[in-house]
Amino acid sequence: MAEETFFSLILPAHNEEERLPGCIEKVAAFVESFDRTIEVLIVENGSSDKTYELAVNYAAKYPWLRAVKDEARGKGRAVRTGMLQAKGKFRFFADVDFSMPIDEIYHFIAPKLTEPYDVAIGSREVEGAVRYDEPEFRHFTGRIFNWIVRVLAVRKLKDTQCGFKCFTAEAAEILFRKQKIDGWAFDAEVLFIAQRHKMKILEIPVQWYYDGSSKINVWRDSVRMMRELIQIRVNGFKGIYR
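Computed from a predicted structure; not experimentally measured.

A.B. asks: Would you mind showing me how to read the packing of helix H1 (residues 20-33) against helix H2 (residues 51-61) here?
C.D. replies: Relative orientation and spacing of two packed helices are given, respectively, by the angle between their axes and the distance between those axes. One way to put it is that H1 packs onto H2 with a least axis distance of 11 Å and a crossing angle of 30 degrees. Taken together, H1 and H2 sit at an angle that is classed as roughly parallel. Considering only the axes of H1 and H2, their crossing is right-handed. Across the interface between the two elements, Leu20, Pro21 and Ile24 of H1 pack against Thr51, Leu54, Ala55 and Tyr58 of H2. Of the residues that constitute the contact of H1 with H2, the class distribution is 6 nonpolar, 1 polar and no charged.

As structure tokens, then:
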């Protein structure tokens, strides 16, 4: 009988041909030091470069790695696909750029062994968190957006958009089967559903390094995310997340 997979790492990847090699180098070192069963899923979605071909090549090299192709675009869609194909007892998604040091993943796992909760999210705002090299304007716009998220969708949580989140298998199966948003605001949607289902959410302080090559356009994507937040509220009123 095959051993149960303890941990799944999901990496959504859209046009990541340049950043993927460095990411895999970090992941390989992490997997080598990890003392439990682990799988890594690279979920390529709608890339126009060689992201998927690279992922397939790495999967042939590393037995713990799977390359998953999803033709449709959207980070939310890629994360949902990975979460529902994953087999781990705990399922974690991260951005390929790893603006958080990969070893910080251990902070998301260890508390689960002694404290029961359903969702653990990385936070750049709770006590103990550190931001490095972030321009003041980006920090300001991020705080404004997170305030809007708290007003429209997710109560109390200080940082809903940090790109590092971990779910128990049970929570992942419930939340990602109900998720409807494929775009950037999917984080807020998943947390909105978790709160509706009275799941326990823990914010974990992280060390976070600003990456100037981020694919988020502050103005364009903020407008899009606002529309998605309103859609989340509409979906909630319609009872779609029950």
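A.B. asks: What's the story with the pattern of salt bridges in this structure? I'm lost.
C.D. replies: One side chain can pair with another of opposite charge once the charged atoms of both are near each other. Counted under the stated rule, the structure contains 14 salt bridges. For Arg77, the salt bridge goes to Asp70, with nearest N and O atoms at 3.0 Å. By relative accessible area, which is 6% here, Asp70 ends up buried. For the salt bridge of Arg177 with Glu173, the shortest nitrogen-to-oxygen distance reads 2.8 Å. With Arg177 and Glu173 both in helix H6 (residues 169-178), this residue pair falls 4 residues apart, about one helical turn.

A.B. asks: For this particular structure, what's the right way to read helix H7 (residues 186-196)?
C.D. replies: Each α-helix winds once per 3.6 residues, and so residues spaced three or four apart point in a common direction. Burial within H7 is extensive, with 9 of its 11 residues counted as buried. Taken as a whole, H7 has its buried residues at Phe186, Asp187, Ala188, Glu189, Val190, Leu191, Phe192, Ile193 and Ala194. Looking one or two places after H7, you find Lys198, whose phi comes out positive at around 60 degrees.

A.B. asks: It is not clear to me how the side chain of Thr168 should be interpreted in this structure. Could you clarify?
C.D. replies: By the element assignment, Thr168 lies in strand E7 (residues 165-168). The exposure class of Thr168 is buried, given its relative accessible area of 9%. Of note is the side chain of Thr168, whose polar atom sits 3.1 Å from the backbone nitrogen of Ala171.

A.B. asks: Hey, could you run me through the sheet that holds strand E8 (residues 201-205) in this one?
C.D. replies: Whenever strands of a sheet pair, they do so through backbone hydrogen bonds, lying parallel or antiparallel. One open sheet accounts for 7 strands, arranged E3-E2-E1-E4-E7-E5-E8; its pairing is mixed. Looking at strand neighbours, the two that pair on one side only are strand E3 (65-70) and E8, the edges of this open sheet. Adjacent strand axes in the sheet meet at a mean angle of 20 degrees, parallel and antiparallel pairs treated alike. As judged from the 4 bridges shared by strand E4 (residues 90-93) and E7, these two strands associate in the antiparallel manner. Looking across to E7, one finds that Phe93 is bridged to Lys165.

What counts, and where the lines are drawn
- Residues numbered from 1 in each chain as written.
- Predicted model: local features only at pLDDT ≥ 70, side-chain atom pairs only at ≥ 80, totals over all residues.
- Heavy atoms only, no water.
- Axes fitted to C-alpha atoms, helices over the stretch in contact; angles between N-to-C directions.
- Helix = DSSP H or I, 4+ residues; strand = E, 2+ residues; numbered from the N terminus.
- Parallel < 35°, antiparallel > 145°, perpendicular 65-115°, else oblique.
- Left-handed = near helix turned anticlockwise from the far one by under 90°.
- Contact = heavy atoms within 4.5 Å.
- Nonpolar A, V, L, I, M, F, W, Y, C, P; charged D, E, K, R; others polar.
- Salt bridge = Lys/Arg side-chain N within 4 Å of Asp/Glu carboxyl O.
- Buried < 20%, exposed > 50% of the residue type's maximum accessible area, 1.4 Å probe, protein only.
- Polar contact = N/O pair within 3.5 Å; in protein donor to acceptor, adjacent residues only side chain to side chain.
- Pairing = 2+ DSSP bridges.

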